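Chain by chain, the residues:
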Amino acid sequence: MPLSKCCSFLIKSTFCFKDRGRSEEESAMKQLFCRLLLGLLPLTLWGQASNPVWFKAPLAPRLANYEIEAYVTPEEHTLKGSLKLTWKNAGTQATTKMPLHLYLNAFKGPNSIFMREGGGSLRGDRMGDENDQSSWGYCRIESIRLEGRSLQGSYGEDESVYWVNLTRAVSPGETVTLEIEWVSQFPRVFARTGWSDGFLMAAQWFPKVGVYQGSQWTCDAHHANTEFFSDFGTYAVNVNVPRGFWLAHSGEAITYIDPADGLKKDAWPDPLDDKRMIYKLYAEDIHDFAFAMKSNLDWKRRDFTYRGVRVSLFYEPSHHLMIDRHVAAIETSLRLAEEWYFKYPYPVLTVVDPPANASGADGMEYPTLIMAGTSAFDPFNFRIPEVVTVHEFGHQYFYGMLASDEVNEPWLDEGFTSYFESKVMQRHYSGLLNSRRFQLPGNFSSLMSYLMTPNSDPLTRKGYESATYGNTAYTKPDMVLQQLEARLGHQTMSQVMMTYTREMAFKHPTHLDFKRIAERISGRNLDSFWSDYVMGTGILDYQIEEVSVLNTQEGGWDINQKLEAEFEPITTLMPQGRIKLQRRGEIVSPITLWVRLSTGEERKVRWDGKDRWVHFDFPAPIVQAQLDPDFEYPILNNRLYASWSPKAPTRGIAYWAHMVMSFLTYSLQGIGLL
Ligand SMILES: [Zn+2]
């Protein structure tokens, strides 16, 4: 931070230290804050700590800017912090209140909304021993000040939201600076954040302002399923940790040139404690900040630059055989996102492959920081490590730069990211099941998940209200976007995605922004598509109900003869084919039927799809039939019932041998990687 700002903060912190009537613990913490700041002063005076400038002009409206001092005590799983939040009212009305997210209070006890909703489980992970205090966490506000005045507040829906009374109205366009001191106690790692042995994932670790739009604040409690929503800004974050720890973090480390050897170091010495050091971190135009830390004796790191982005990958020594795969997945993601959307604009990207006993932290995204994951057991070669890395990178766009409201419209980040992930995996990777022999769709897992709950909640349902969150936020939107692509055509859909990402980057898009852009680019009215697939719960479900042979011309009389006595009975057998189709779902769409007749002739007919059932007759028996032969509807429910042949195709020995041998091979490979 600039020297002038540092000094004013220092003076105010020293003033705070003089407050009377505080507990011994609070006073000790004040001393710690002031000591930390005093310790930083000489570094600033040396002139080596000036923040880099990432962008000549801001990419985003910088409404929530943080200068943070954090002091981490790993053995106690605590972080003591002070921050300056410089916030601009970009709304249309003045506000006298400001809500802060205190996310860690979701782990304070069993009565938080998060714990009541999730019951201590999330994403297949379970919280630590509930009877062990160190399994729980909290975020405790010590003080909040505005313009020298101490502010008070009250909790919101639960203690994960704290409403601050500002003591005066902050007008539209006005900027104010709050000074906040707090203590974070991390839970045993679970639901993205916390500690595990020597590893700490510091996520959702500081008081964070909600989003003010128009005359309304959005600052939802921390719910079990849903994630986050924040404004963009700059972050200058100093993290004081014991020597020997590496930090994998959002943003860029301001390097220190060690006078002893002239080498650049990521961390600065703590001038008041030679057992500690300070990471001075900086970022622009992001809306959250997280870091992971672990002893550098037990952590590996690989740095490389790809397409101008400096990538740092932190991983377990035992995961070294997987690292080339992570690197390739990162490079592929950077390249394809640039081709499809726009170039990743930040100068840095950090990737963490967390330890196995910290799986609660993996598979998560933060601006310029992604938490990957290693899964050695992958018998169908779904390429799980690549899927996770590609997915989390995709969030750099759909969440990171297109900062939609993850609580109230989770499909805009998870669904679009799942679509990106499917596209990357189909384009670049081949697994066992989508190989040439087995030919299942590349997004097989999305498809299967969707087919199991096709009529799940509307995509626009709030995340914490949805009973089908996984499907509504992830797999259904992936299928809906695949369906939109089939409707618009690949080229048009590519233009839609590129335009949407470019126009809505560094904003807070809603589904209406996406619809507006899709309609403009395609020149089509998408009202019915939106009501069917985005806002609706219906499914597209057509099936072949019955195929039969009609022998109606067998028997009867030929009455074309002049004399009745000459009438001849008809004995010629002229069988016809008949097929009965059924609409089982609520969504009505015209659909094509393809048939092959016993004569070898192939025919296509188009059904408007409106009635519940219909039959079509053909001049010869049907030997094969397929609904939607041109794959107009990737979202068609249960495609098995959309095709018919007199007997099921048989799989030869080679088919099953390939499946079994591959399964064994990939299983053994997993054992070798463990
Ligand atoms: Zn995701």
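Thresholds, definitions, all that
Residues numbered from 1 in each chain as written. Predicted model: local features only at pLDDT ≥ 70, side-chain atom pairs only at ≥ 80, totals over all residues. Heavy atoms only, no water. Helix = DSSP H or I, 4+ residues; strand = E, 2+ residues; numbered from the N terminus. Polar contact = N/O pair within 3.5 Å; in protein donor to acceptor, adjacent residues only side chain to side chain. Donors = N, O, S within 2.8 Å, 3.2 Å for Na, K, Ca; no water. 1 Å grid on protein atoms, 1.4 Å probe; cavity = no way out; pocket = protein on both sides within 12 Å on 5 of 7 lines; lining within 4 Å. Points joined across faces, edges and corners; volume = space filled by probe spheres on them. Nonpolar A, V, L, I, M, F, W, Y, C, P; charged D, E, K, R; others polar. Phe/Tyr/Trp six-rings, centres within 6.5 Å; stacked < 30°, edge-to-face > 60°. Lys NZ or Arg CZ within 6 Å of the ring centre and 35° of its normal. Pairing = 2+ DSSP bridges. Expected span 1.5 Å × (residues − 1). Buried < 20%, exposed > 50% of the residue type's maximum accessible area, 1.4 Å probe, protein only. Contact = heavy atoms within 4.5 Å. Axes fitted to C-alpha atoms, helices over the stretch in contact; angles between N-to-C directions. Salt bridge = Lys/Arg side-chain N within 4 Å of Asp/Glu carboxyl O. Parallel < 35°, antiparallel > 145°, perpendicular 65-115°, else oblique. Left-handed = near helix turned anticlockwise from the far one by under 90°. Lys, Arg positive; Asp, Glu negative; His and termini not counted. Core = buried A, V, L, I, M, F, W, Y, C linked by side-chain atoms within 4.5 Å.

*Asks:* Go over the side chain of serine 160, please, and point to the residues and values.
*Replies:* Summarising the element assignment, serine 160 is placed in the loop between β8 (153-155) and β9 (161-170). Within the local environment of serine 160, its side chain forms a polar contact with the side chain of aspartate 158, the two groups lying 2.5 Å apart. Among the polar contacts made by the side chain of serine 160, one reaches the main-chain amide nitrogen of histidine 222 at a distance of 3.0 Å.

*Asks:* I'd like to hear about the coordination of the zinc ion, residue by residue, with values.
*Replies:* For the zinc ion, the full set of protein donor atoms is His391 (NE2), His395 (NE2) and Glu414 (OE), and the range of their distances to it is 2.0 to 2.1 Å. Counting along the primary sequence, the residues that act as donors to the zinc ion give the motif H-x3-H-x18-E. Of this pair, histidine 391 sits in helix α5 (residues 384-394) while glutamate 414 sits in helix α7 (residues 411-428); the two residues are 23 residues apart in sequence, bridging distant segments of the chain.

*Asks:* Could you give an account of empty space enclosed by the protein, naming the residues involved and the relevant values?
*Replies:* Within the structure shown, the criterion is met by three cavities of 30 Å³ or more. What the second largest cavity holds in volume is close to 60 Å³. As for the second largest cavity, its lining consists of His101, Tyr103, Thr218, Cys219, Asp220, Ala221, His222, His223, Glu227, Phe228, Phe229 and Val407. Considered class by class, the residues forming the lining of the second largest cavity number six nonpolar, four polar and two charged.

*Asks:* Give me the packing of aromatic side chains: which residues, what numbers.
*Replies:* This structure, assessed with the given rule, holds 43 aromatic pairs. The ring of tyrosine 71 has arginine 276 sitting right over it, with the charged end atom 3.8 Å from the ring centre. Across the ring face of tryptophan 613, the terminal group of lysine 580 is positioned such that the distance to the ring centre comes to 5.0 Å.

*Asks:* I'd like a rundown of the sheet that holds β9, residues and numbers included.
*Replies:* Spatially, β8-β9-β3-β13 is the arrangement adopted by the four strands of the open sheet, whose pairing is antiparallel. Of all strands in the sheet, those with a lone pairing partner are β8 and β13 (208-209), marking the two edges.

*Asks:* An account of helix α11 (residues 511-522) is needed here, citing residue identities and associated values.
*Replies:* In an α-helix, one turn spans 3.6 residues, which is why side chains three or four residues apart end up on the same side. Between its terminal C-alpha atoms α11 stretches 16 Å, which fits the 16 Å expected from twelve residues at 1.5 Å a residue. Within α11, the full set of buried residues consists of His511, Asp513, Phe514, Lys515, Ile517, Ala518 and Ser522. Considering only its buried residues, α11 is in contact with α7, α9 (469-488), α10 (490-504) and α12 (527-534). Once α11 ends, the next one or two residues include glycine 523, with phi positive near 70°.

*Asks:* Tell me about the sheet that holds strand β12 (residues 199-202), and name the residues and values.
*Replies:* On the basis of which strands lie adjacent, the open sheet formed by four strands has the order β11-β12-β23-β17 and antiparallel pairing. Across the chains shown, the open sheet's two edge strands, defined by having one partner strand only, are β11 (194-196) and β17 (245-249). Between one strand axis and the next, the sheet turns through 15° on average, direction left out of account. With five bridges connecting them, β17 and strand β23 (residues 291-295) associate as antiparallel partners. Within the sheet, the bridge partner assigned to alanine 248 lies in β23 and is alanine 292.

*Asks:* Break down the pairing of strand β6 (residues 138-146) for me, citing the residues and quoting the values.
*Replies:* Pairing geometry for β6 and strand β10 (residues 175-185), over eight bridges, is antiparallel. The residue bridging serine 143 from the neighbouring strand is glutamate 181, located in β10. Here two bridges tie β6 to strand β7 (residues 149-150), and the two strands are oriented antiparallel to one another. Paired with leucine 146 across the two strands is arginine 149, which belongs to β7. Remark: two residues form the turn of the hairpin made by β6 and β7, two consecutive strands paired antiparallel; glutamate 147 in that turn has positive phi of roughly 50°.

*Asks:* So what about the pattern of salt bridges? Which residues, and what values?
*Replies:* Within the structure shown, the criterion is met by 34 salt bridges. A salt bridge links arginine 461 to glutamate 465, with the nearest nitrogen and oxygen atoms 3.5 Å apart. Between aspartate 630 and lysine 604 there is a salt bridge; the shortest N-O distance is 3.1 Å. Separated by 26 residues along the polypeptide, aspartate 630 in the loop between β36 (622-627) and β37 (643-644) and lysine 604 in strand β34 (residues 602-607) bring together distant segments of the chain. When its relative accessible area of 48% is taken as the criterion, lysine 604 is described as partly exposed. Residues joined by salt bridges that share partners form a network here, namely Glu147, Arg149, Arg168 and Glu174.

*Asks:* Give a description of the packing of α9 against α10 that names residues and reports values.
*Replies:* A pair of packed helices is captured by two measures, namely the crossing angle of their axes and the spacing between those axes. Where α9 contacts α10, the axes come no closer than 6 Å and their chain directions differ by 125°. If you check the angle between α9 and α10, you find them oblique. As α9 packs across α10, the resulting crossing turns out to be right-handed. Every residue of α10 that contacts α9 at Leu481, Leu484, Glu485 and Leu488 is listed here: His490, Thr492, Met493 and Val496. When its residues are assigned to classes, the contact of α9 with α10 shows five nonpolar, two polar and one charged.

*Asks:* Account for the side chain of aspartate 231, naming residues and giving values.
*Replies:* Relative to the elements of secondary structure, aspartate 231 occurs in the loop between β15 (216-218) and β16 (233-242). Comment: no salt bridge for buried aspartate 231; closest opposite-charge side chain is lysine 208, at 9.9 Å. Within the structure, aspartate 231 has its side chain in polar contact with the side chain of histidine 508 (distance 2.7 Å). If we skip the residues at most four places from it in the chain, aspartate 231 touches Leu63, Ala64, Gly210, Val211, Tyr212, Ile286, His287 and His508.

*Asks:* Could you give an account of the packing of α11 against α12, naming the residues involved and the relevant values?
*Replies:* The contact between α11 and α12 brings their axes to 11 Å, and the two run at 140°. Here α12 runs oblique to α11, going by the angle between their axes. The hand of the α11/α12 crossing is right-handed. Seen from α11, the contacting residues are His511, Phe514, Lys515 and Glu519; seen from α12, they are Asp527, Trp530 and Val534. Here the residues of the contact of α11 with α12 are counted per class, giving three nonpolar, one polar and three charged.

*Asks:* How would you explain the nonpolar core if you had to name every residue and give the values?
*Replies:* Judged by nonpolar contacts, the single largest core of 147 residues is most densely connected at Trp205, Phe514 and Ile579. Here the element with the most residues in this core is helix α4 (residues 323-340); it accounts for eight residues. Apart from residues no more than four positions distant in its own chain, isoleucine 579 is found in contact with Ile544, Glu546, Val547, Leu593, Val614, His615, Phe616, Phe618, Ile622 and Ala625. Of all hydrophobic cores here, the second largest spans 18 residues; its members include Phe199, Met201, Ala290 and Met371.

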